[in-house]
There are 2 protein chains.
Amino acid sequence: MFSVTVDVVCLTVRDGAFQVLLVERGGPPFEGRLALPGGFVQVDENLEDAARRELREETGIEAPRFVEQLATYGEPDRDPRGRTVSVAFLAIAADLGEATGGSDAAAADWHRVDELLRDDSLLAFDHAVILADAVERARGKLEYTPLACDFCPAEFTIAELRRVYETMWDLRLDPANFHRKVTRADGFLVETGKSADGGVGRPAQLYRRGGSGADLPAAEPRYDGVGVPLGSPCRHGASYS
Amino acid sequence: MFSVTVDVVCLTVRDGAFQVLLVERGGPPFEGRLALPGGFVQVDENLEDAARRELREETGIEAPRFVEQLATYGEPDRDPRGRTVSVAFLAIAADLGEATGGSDAAAADWHRVDELLRDDSLLAFDHAVILADAVERARGKLEYTPLACDFCPAEFTIAELRRVYETMWDLRLDPANFHRKVTRADGFLVETGKSADGGVGRPAQLYRRGGSGADLPAAEPRYDGVGVPLGSPCRHGASYS
DNA sequence: GCAAAAGTGTTATACGTACACCCATGA
DNA sequence: TCATGGGTGTACGTATAACACTTTTGC
């Protein structure tokens, strides 16, 4: 007999930095330490529903559109209270402002991922490991899915989208080539016809995230090249033993 | 309080077909039906160790080098006996021959994945869903990791490796281009100097799987292009709700 | 007009694809 | 010497990267 919990790694790009939503623990163990929002799964509750509920209850933030199971953490000694298995979820949100709603949400706030990853001891339980796995998953998915759009509000400019990639990978992208790439990627973006105003320079067009994929022709995948990892061999660390 | 189990999706390429290792259930529920090997996690046992143990006990097959957590399945009604959460693992093996060892292994055998996916009702519990997820993960990982080598024995020819891709994706690859691609991919393969014999035609060189990645220069990832999914938008189904 | 950001055009290069061709072996 | 599969050379099309250039706004 085990306790089963869920933990939510809710990531965003905020103030030009990659950030994660954390709560301060109000009781033992790890009282006063930062932790991922999460808690026990109820007996008739689906795992993903539990994750959404805990996020809402502990931080006052309604779960965003993108919520995906990350992995399950079950080392026998991971919780001093007893054998606990935790199913971690990855949530991707646009910048939602301060986290100030919710009942237990007093201590919920955003924190920079880079600082948390530099020092494992800042987080309770094995949450530093979970965070590191979540970051790796999110960075990876930017490469081959339209995940970046989920870091943006419903309507956004190409430059905002570009800044997501630039922040997550800490590099500069050529605005011209980036613009062409994303606007030409089939099904990736939808024009709204509107344009942003207020900033300096020529106003940018506003776009919306493209179709969910279901309503697209799903172009024949190009498996011809076999996708051997040429540039960076073995980059996506598989768990070999 | 939940029961926690592990299930193992052990995949291989065998007789020119993509196959999975299954057992026949010896008791209720789903008595007599095919199921993934698996069982209850012990109280002081790590999840992955449990998976390896169950694979060995139920099929007589020692877990291969590649074992990776797949996902966790926890719908409230997935097991008629009570609330059970199952952590599924993906294992990739070379063709290991018949499954005939182990105590409970009498009923363990390899089955064609394509047939199982055509009819959900062939497998016990939600194992058809787990299998489908495993297949998607394995196909996906072929694209950007050296996973294909794990479907081959320790030493293999380029043609054997090519047949893995051809079987998994059901297509024909140009042997010439494939050869160049994998032999030039840095760190992907290591020459053994030996060559295969026995077959018709010019004997092929034998290769071994390349470094684990840790001992490689880990070439600068080429994030320049941002990896928008051009050819096939939104192919890797993210769990949007 | 000037600065700044959006967006387009142009070109060199790299990579994938197709396919002709040579190599090494068994029968 | 012929058939078969292993392996190399080469030409061509397409995608990317770099960067010059035009457009549209606020000041």
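The notes below deal with the structure included here. Owing to the predicted nature of the structure, the values given are computational and were not obtained by experimental measurement.

### Description of the sheet that holds strand 9 (residues 189-195) of chain B
All names here are of chain B. Pairing is antiparallel in the open sheet, where three strands are placed in the order 8-10-9. Of all the strands in the sheet, the pair left with one neighbour each is strand 8 (155-156) and strand 9. Pairing between strand 8 and strand 10 (residues 205-209): two bridges, direction antiparallel. Bridge pairing links Glu155 to Arg208 in strand 10.

### A word on the pattern of salt bridges
Residue and element names in this part refer to chain A. For the structure shown, the criterion picks out 38 salt bridges over all chains. For Glu155, the salt bridge identified is with Lys194, shortest N-O distance 3.0 Å. Here Glu155 is found in strand 8 (residues 155-156), whereas its partner Lys194 is found in strand 9 (residues 189-195), with 39 residues between them in sequence. Of the residues examined, Lys194 reaches a relative accessible area of 42% and is grouped as partly exposed. When salt bridges that share partners are traced, they join Glu45, Arg53, Glu54 and Glu57 into one network.

### Describing the pairing of strand 5 (residues 66-73) of chain B
All names here are of chain B. With respect to burial, strand 5 is a largely interior element, eight of its eight residues being buried. Note: strand 5 against strand 6 (residues 84-92), seven bridges, orientation antiparallel. Pairing of Glu68 across the sheet is with Leu90, part of strand 6.

### What about the sheet that holds strand 9 of chain A?
Read across the sheet, three strands follow the order 8-10-9 (chain A) without closing on themselves; strand pairing throughout is antiparallel. Both outer strands of the open sheet, strand 8 and strand 9 of chain A, are each paired with one neighbouring strand and no more.

### Things to note about helix 1 (residues 47-59) of chain A
Across its 13 residues, helix 1 of chain A extends 18 Å between first and last C-alpha, which sits within 8% of the 18 Å expected from 1.5 Å per residue. Buried within helix 1 of chain A we find Leu47(A), Ala50(A), Ala51(A), Arg52(A), Arg53(A), Glu54(A), Leu55(A), Glu58(A) and Thr59(A). The inward-facing, buried residues of helix 1 of chain A contact strand 1 (3-14), strand 2 (17-24), strand 4 (38-40), strand 5 (66-73) and strand 6 (84-92) of chain A together with strand 5 of chain B. Gly60(A) lies just past helix 1 of chain A and shows a positive phi near 75 degrees.

### Describing the packing of helix 3 (residues 127-144) of chain A against helix 4 (residues 158-169) of chain A
All names here are of chain A. In the contact formed by helix 3 and helix 4, the axes pass within 11 Å of each other and the chain directions differ by 140 degrees. With respect to their mutual orientation, helix 3 and helix 4 come out oblique. Handedness of the helix 3/helix 4 crossing: left-handed. In this structure, helix 3 contributes Ala138, Arg139, Leu142 and Glu143 to the contact, and helix 4 contributes Tyr165, Met168 and Trp169. Of the residues contributing to the contact of helix 3 with helix 4, the split by class is five nonpolar, no polar and two charged.

### Points about the nonpolar core
Residues and elements named next belong to chain A. If you look at the biggest cluster of nonpolar residues, it comprises 44 residues, and the most contacted ones within it are Leu11, Val20, Leu131, Phe151, Leu161, Tyr165 and Leu189. In terms of residue count, the dominant contributor to this core is helix 3 (seven residues). The residues that make up this core include at least three from each of domain 1 (3-141) and domain 2 (146-209). Once residues within four sequence positions are removed from consideration, Leu131 is found in contact with Val9, Leu11, Val20, Val113, Leu116, Leu117 and Leu123.

### Quick look at the packing of helix 4 (residues 158-169) of chain B against helix 5 (residues 175-184) of chain B
All names here are of chain B. Across the interface, helix 4 lies against helix 5 with an axial gap of 10 Å and an inter-helix angle of 105 degrees. Classed by the angle they form, the pair helix 4 and helix 5 counts as roughly perpendicular. Between helix 4 and helix 5, the contacting residues are Ile158, Leu161, Arg162 and Tyr165 on the first element and Pro175, Phe178, His179, Val182 and Thr183 on the second.

Scoring rules and cut-offs
- Residues numbered from 1 in each chain as written.
- Chains lettered and ligands numbered in written order.
- Predicted model: local features only at pLDDT ≥ 70, side-chain atom pairs only at ≥ 80, totals over all residues.
- Heavy atoms only, no water.
- Pairing = 2+ DSSP bridges.
- Helix = DSSP H or I, 4+ residues; strand = E, 2+ residues; numbered from the N terminus.
- Salt bridge = Lys/Arg side-chain N within 4 Å of Asp/Glu carboxyl O.
- Buried < 20%, exposed > 50% of the residue type's maximum accessible area, 1.4 Å probe, protein only.
- Expected span 1.5 Å × (residues − 1).
- Contact = heavy atoms within 4.5 Å.
- Axes fitted to C-alpha atoms, helices over the stretch in contact; angles between N-to-C directions.
- Parallel < 35°, antiparallel > 145°, perpendicular 65-115°, else oblique.
- Left-handed = near helix turned anticlockwise from the far one by under 90°.
- Nonpolar A, V, L, I, M, F, W, Y, C, P; charged D, E, K, R; others polar.
- Core = buried A, V, L, I, M, F, W, Y, C linked by side-chain atoms within 4.5 Å.
- Domains from an automatic or database assignment.

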